[in-house]
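Chain residues, written in single-letter form:
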Amino acid sequence: MALFLSIILILLFPSTNAEWPPSPGYWPSSKFRSISFYNGFTNLWGPNHQTVHQNSLTIWLDTTSGSGFKSVRPFRSGYFGASIRLQPGYTAGVITAFYLSNNEAHPGFHDEVDIEFLGTTFGKPYTLQTNVYVRGSGDGKIIGREIKFHLWFDPTRDFHHYAILWSPNEIIFLVDDVPIRRYPRKSDATFPLRPMWVYGSIWDASSWATEDGKYKADYRYQPFVAKYTNFKAGGCSAYAPSWCQPVSASPFRSGGLTMQQYRAMRWVQRYYMVYDYCRDPKRNHASTPECWS
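An unreviewed UniProt entry lists the protein chain under the name Xyloglucan endotransglucosylase/hydrolase, from Hibiscus trionum. What UniProt records for the protein chain under Function (unreviewed entry) is the sentence "Catalyzes xyloglucan endohydrolysis (XEH) and/or endotransglycosylation (XET). Cleaves and religates xyloglucan polymers, an essential constituent of the primary cell wall, and thereby participates in cell wall construction of growing tissues." Database annotation for the protein chain, UniProt heading Sequence similarities (unreviewed entry): "Belongs to the glycosyl hydrolase 16 family."

See the structure below:
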């Protein structure tokens, strides 16, 4: 009888490895071909701190400059990904980023969707910060929607694929095809709707990046290096015809996630989420109605 009950419990409540997420069952990255850096992107700043070799981009930060790149086209929806390898050791104060933005088209009033790696000190893990800005003011009053994670692997040992899927109804952040966050469109006021470009960068954000600015960039450890490869940018460009269909993160053409994808996402959020703006009692949630609507 005890053995029978154990089998029933295993079937009803399958165990998960608390060190690795359950399979999402669907791999959106496989639906989009890789593009070469020069076919999809161009240098934005710090050209002397950027090299491309066999379709692998290296950018770095030192006392003279950081570096950034930008897609050649704006998009109104799509899947945007890159495989990234981060620098080990002391990287406090340093931000390595892959994100969507229209800041150059709408300075002081822009939209942005971020994947940012917050640098760290010896022996502590990187923090992956996801964020969504909507018509940010750029004057210090931007309403951030930060959700932060540690990772279930060491992002300095190998390349891992990080992606943003942006459709008219939702934004989904993915790591190695595992969804870690879904941000649904609950109102026009809380969702980015204007075309955005794809960006990547490495820069000094000592004032806030590591433990709210407690630890600063230490240039004794320069250069701070980030490597990008396996670029993917597919979807509806800002110039595409109106009948262009938004892409999906799941087999459902209408968008959303499967139950298996939700299970994987809940696992990540249970074991590796370290901050959620909606659960922060110090935040004024009147300005983030999506937290309670």
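After presenting the structure, the write-up continues.
Q: Can you explain the state of the cysteines? Please cite residues and give values.
A: Counted by the stated rule, this structure contains two disulfides. Through a disulfide, C236 is tied to C244; the S-S separation comes to 2.1 Å. Here the S-S torsion is close to -95 degrees, and the disulfide linking C236 with C244 is therefore left-handed. What makes C236 buried here is its relative accessible area of 1%. With its sulfur 1.9 Å from that of its partner, C278 forms a disulfide with C291. The disulfide joining C278 to C291 has a torsion of about -80 degrees about its S-S bond and is therefore left-handed. With C278 in the segment after strand 15 (273-276) and C291 in the segment after strand 15, the pair connects residues that are 13 residues apart, well separated along the chain.

Q: Quick one: what's the story with the environment of Q54, residue by residue and with numbers?
A: Structurally, the position occupied by Q54 is in the loop between strand 2 (50-53) and strand 3 (56-61). Sequence separation of Q54 and C244 is 190 residues, and the distance between their C-alpha atoms is 32 Å.

Q: So what's going on with helix 3 (residues 259-272)? Residues and values would help.
A: With 14 residues, helix 3 should cover 20 Å at 1.5 Å per step; its first-to-last C-alpha distance of 20 Å lies within 8% of that length. Considered for burial, the residues of helix 3 that qualify are Q261, A264, M265, W267, V268 and Y272. Angularly, the buried residues of helix 3 cover 155 degrees about the axis, an arc narrow enough to put them on a single face. More than 90 degrees from the buried face of helix 3, the exposed residues found are M259 and R270.

Q: Outline the nonpolar core, listing residues and values.
A: One broad rule of soluble globular proteins: the nonpolar side chains tend to lie buried together. Membership of the largest hydrophobic core comes to 51 residues, with the highest contact counts inside it found for F117, L128, W152, Y162, I171, Y228 and F231. Each residue touching F231, except ones within four places of it in the same chain, is listed here: R33, S34, I35, F37, F41, N55, L57, F69, G81 and A82. A163, L165, A249 and M265 belong to the second-largest nonpolar core, a separate cluster that totals ten residues.

So, how was this worked out
Residues numbered from 1 in each chain as written. Predicted model: local features only at pLDDT ≥ 70, side-chain atom pairs only at ≥ 80, totals over all residues. Heavy atoms only, no water. UniProt positions renumbered as here; feature names shortened; annotations may be inferred. Disulfide = S-S within 2.5 Å. Buried < 20%, exposed > 50% of the residue type's maximum accessible area, 1.4 Å probe, protein only. Helix = DSSP H or I, 4+ residues; strand = E, 2+ residues; numbered from the N terminus. Expected span 1.5 Å × (residues − 1). Arc of directions from axis to C-beta. Core = buried A, V, L, I, M, F, W, Y, C linked by side-chain atoms within 4.5 Å. Contact = heavy atoms within 4.5 Å.

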